[in-house]
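# Fold and contact review
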Amino acid sequence: MSEKNSAKLNRLNRIAGQVRGVAQMIDDDRYCIDILHQIQAVKAALAKVETQVLKDHAACCVAEAISTGDEGEQREKFNELIELFEKAKR
C-alpha cells in the first residue's frame, strides 16, 4: 500500500469514528447545534479526502492518458471527470 493510500485510509478511519460519535450524540439527545457542528466537520473531512483522490487521479490516470497521446483514452478520462462534476451539482 502506498503512503498516499495509507494516509487516506487513516483519514477515513478517523471520519468513521466521527460518524459513530455523531450517532452517539443523537442517541444521547445532545443539542442539535452541537450535532450539526460535528456533521459539518465530517463533511469537511470527507471533502479533503475527495480532493486528494481527485488530485491523485489527475496526477496518475489523467496524466498517463495525456502522455500516451491516445485521443480516445484522453477523451474517456475527460468525460469521467465531467460526469463526476455533473453528479456533484445534483
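Here we summarise the structure given alongside this text. Fair warning: this is a prediction, and the values are worked out from it, not measured in the lab. (Residues numbered from 1 in each chain as written. Predicted model: local features only at pLDDT ≥ 70, side-chain atom pairs only at ≥ 80, totals over all residues. Heavy atoms only, no water.)

### Focus: the side chain of Asp-56
Test applied: Think of it this way: any DSSP run of H or I at least four residues long counts as a helix, any run of E at least two long counts as a strand, and we number them from the N terminus. Whether a residue is buried, partly exposed or exposed follows from its accessible area with a 1.4 Å probe, protein chains only, as a fraction of its type maximum: under 20%, in between, or over 50%, in that order. Throughout, a contact is declared for two residues whenever any of their heavy atoms are within 4.5 Å.
As for its position among the elements, Asp-56 is in helix α2 (residues 32-68). Residue classification places Asp-56 among the buried residues on the basis of a relative accessible area of 14%. In this view, Asp-56 contacts Lys-4, Lys-8 and Cys-61; residues no more than four positions away in its chain are not counted.

### Overview of the pattern of salt bridges
So the rule is basically this: Take a side-chain nitrogen of Lys or Arg and a carboxyl oxygen of Asp or Glu: if they are within 4 Å of each other, that pair is a salt bridge.
Evaluation of the coordinates by the stated rule reveals four salt bridges. Beyond isolated ion pairs, a larger network of salt bridges with shared partners links Lys-4, Lys-8 and Asp-56.

### With respect to the nonpolar core
Formally: Nonpolar cores were defined as sets of buried Ala, Val, Leu, Ile, Met, Phe, Trp, Tyr and Cys residues, with membership established by side-chain atoms within 4.5 Å.
Among the nonpolar cores identified, the biggest contains seven residues, and these are Ile-15, Val-22, Met-25, Ile-35, Val-42, Ala-45 and Val-49. Ranked by the residues each element gives to this core, the list is headed by α2, at four residues.

### Concerning α2
Cut-off, in case you're wondering: To estimate the expected span of a helix, subtract one from its residue number and multiply by 1.5 Å. What the bend at a residue measures is the angle between two axes, fitted to the seven residues ending there and to the seven starting there.
With 37 residues, α2 should cover 54 Å at 1.5 Å per step; its first-to-last C-alpha distance of 52 Å lies within 8% of that length. The sharpest bend along α2 comes to roughly 35°, located at Ala-58. Phi turns positive one or two residues past the end of α2, at Gly-69, with a value near 80°.

### Some details on unusual backbone geometry
For Asp-29, which is not glycine, the phi torsion reads 60° and is therefore positive. Here Asp-29 shows up in the loop between α1 (3-27) and α2. Assessed through its relative accessible area of 69%, Asp-29 is described here as exposed.

### Some details on the packing of α2 against helix α3 (residues 71-89)
Our working definition: Lines fitted to the C-alpha atoms define the axes, with helices restricted to the stretch that makes contact. Angles between their N-to-C directions range from 0 to 180 degrees. Angle categories: roughly parallel below 35 degrees, roughly antiparallel above 145, roughly perpendicular from 65 to 115, and oblique for all the rest. Classes in brief: Ala, Val, Leu, Ile, Met, Phe, Trp, Tyr, Cys and Pro nonpolar; Asp, Glu, Lys and Arg charged; the others, Gly included, polar.
In contact at an axis separation of 8 Å, α2 and α3 are set at 155° when each is read in the N-to-C sense. Between α2 and α3, the angle is such that the two are roughly antiparallel. On the side of α2, the interface is formed by Leu-54, His-57, Cys-61, Val-62, Ala-65, Ile-66 and Thr-68, while α3 contributes Glu-73, Gln-74, Lys-77, Glu-80, Leu-81, Leu-84 and Phe-85. Its residues assigned to classes, the contact of α2 with α3 shows eight nonpolar, three polar and three charged.

### Some details on the environment of Phe-78
Here Phe-78 is to be found in helix α3. It is 7.8 Å that separates the C-alpha atoms of Phe-78 and Val-62, two residues lying 16 residues apart in sequence.

Note that every value here comes from positions in space, so none of it alone points to a role or purpose.
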